[in-house]
Amino acid sequence: MIKKHAKLIGLLVVLGAVLCIGAGVAYYEQQITIDEVPELVKATILKEAGDGTIKEIEKETKNGVTTYEAELVVEGKTLEIQVAADGALLCKGVEDIEDDDKDDDDKDDDGDEGEDDR
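Residues numbered from 1 in each chain as written. Predicted model: local features only at pLDDT ≥ 70, side-chain atom pairs only at ≥ 80, totals over all residues. Heavy atoms only, no water.

Draft legend 1. The overall build of the chain, seen in detail. Scanning the chain from N- to C-terminus turns up two helices and five strands. In the chain, the succession of α and β elements from N to C terminus is α-β-α-β-β-β-β. Within the chain, the proportion of its 118 residues that are buried is 23%. For the chain, long-range pairs separated by at least 24 residues make up 32% of all intrachain contacts whose partners lie at least 6 apart in sequence. Carbon and sulfur atoms make up 55% of the accessible area of the chain, which amounts to about 8900 Å² in all. (Helix = DSSP H or I, 4+ residues; strand = E, 2+ residues; numbered from the N terminus. Buried < 20%, exposed > 50% of the residue type's maximum accessible area, 1.4 Å probe, protein only. Contact = heavy atoms within 4.5 Å. Areas by Shrake-Rupley, 256 points an atom, 1.4 Å probe, with all protein chains shown as cover.)

Structure below.
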């Protein structure tokens, strides 16, 4: 009986493996420029940036939904915004921790989290 269903069992095992691998690819992130975003997204990013500068833009796709995250410097503060593909502003926040050594540990060179060292 097992020989009779061996091909079916093999096919199901392969199909299961493909589905598991495919599930891990549900998130995609890509660095892009302001000229590569849709016009409605571009308008929102430029409006939020005002006279500031755009440090970076990332296109993110998660479970088939694409959003755009932009890091802006406005009046000396770093802002992070998230914009939907239709140009709607989804999220806006100010980066409040000074990390003056540019690594990813949220601590400056002397090990504290941006406290004034004077």
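Draft legend 2. View of the pattern of salt bridges. This model, assessed by the stated rule, comprises three salt bridges. Close ionic contact of D35 with K42 constitutes a salt bridge, the shortest N to O distance being 3.6 Å. With its nearest N and O atoms 2.8 Å apart, the salt bridge here joins K92 to E48. Taken together, the positions of K92 in strand β5 (residues 89-94) and E48 in helix α2 (residues 39-49) put the pair 44 residues apart, joining distant regions of the chain. (Salt bridge = Lys/Arg side-chain N within 4 Å of Asp/Glu carboxyl O.)

Draft legend 3. Focus on the side chain of E58. Mapped onto the secondary structure, E58 falls in strand β2 (residues 53-62). Despite being buried, E58 has no salt bridge partner; K55 is the closest side chain of opposite charge, sitting 12 Å away. Excluding residues within four positions of it along the chain, E58 makes contact with E29, Q30, Q31, T67, Y68 and E69. (Lys, Arg positive; Asp, Glu negative; His and termini not counted.)

Draft legend 4. Inspection of unusual backbone geometry at higher detail. Not every positive phi belongs to a glycine, and N63 is a case in point at roughly 50°. Topologically, N63 is positioned in the loop between β2 and β3 (65-74). A positive phi angle, near 50°, is found at E75, a position not held by glycine. Residue placement: E75 occurs in the loop between β3 and β4 (77-84). A residue is classified by how much of its surface remains accessible, and E75, at 79% relative accessible area, is exposed.

Draft legend 5. Representation of the pairing of β3 within the structure. Bridge count for β2 against β3 is nine bridges, and the pairing is antiparallel. When the sheet's bridge partners are listed, I57 is paired in β3 with A70. Between β2 and β3, which pair antiparallel in sequence order, lie two residues; one of them, N63, sits at a positive phi of approximately 50°. Bridge analysis of β3 against β4 gives eight bridges, and the strand direction is antiparallel. Paired with E69 across the strands is Q82, a residue of β4. In this antiparallel pair of consecutive strands, β3 and β4, the connection spans two residues, and E75 shows a positive phi of 50°. (Pairing = 2+ DSSP bridges.)

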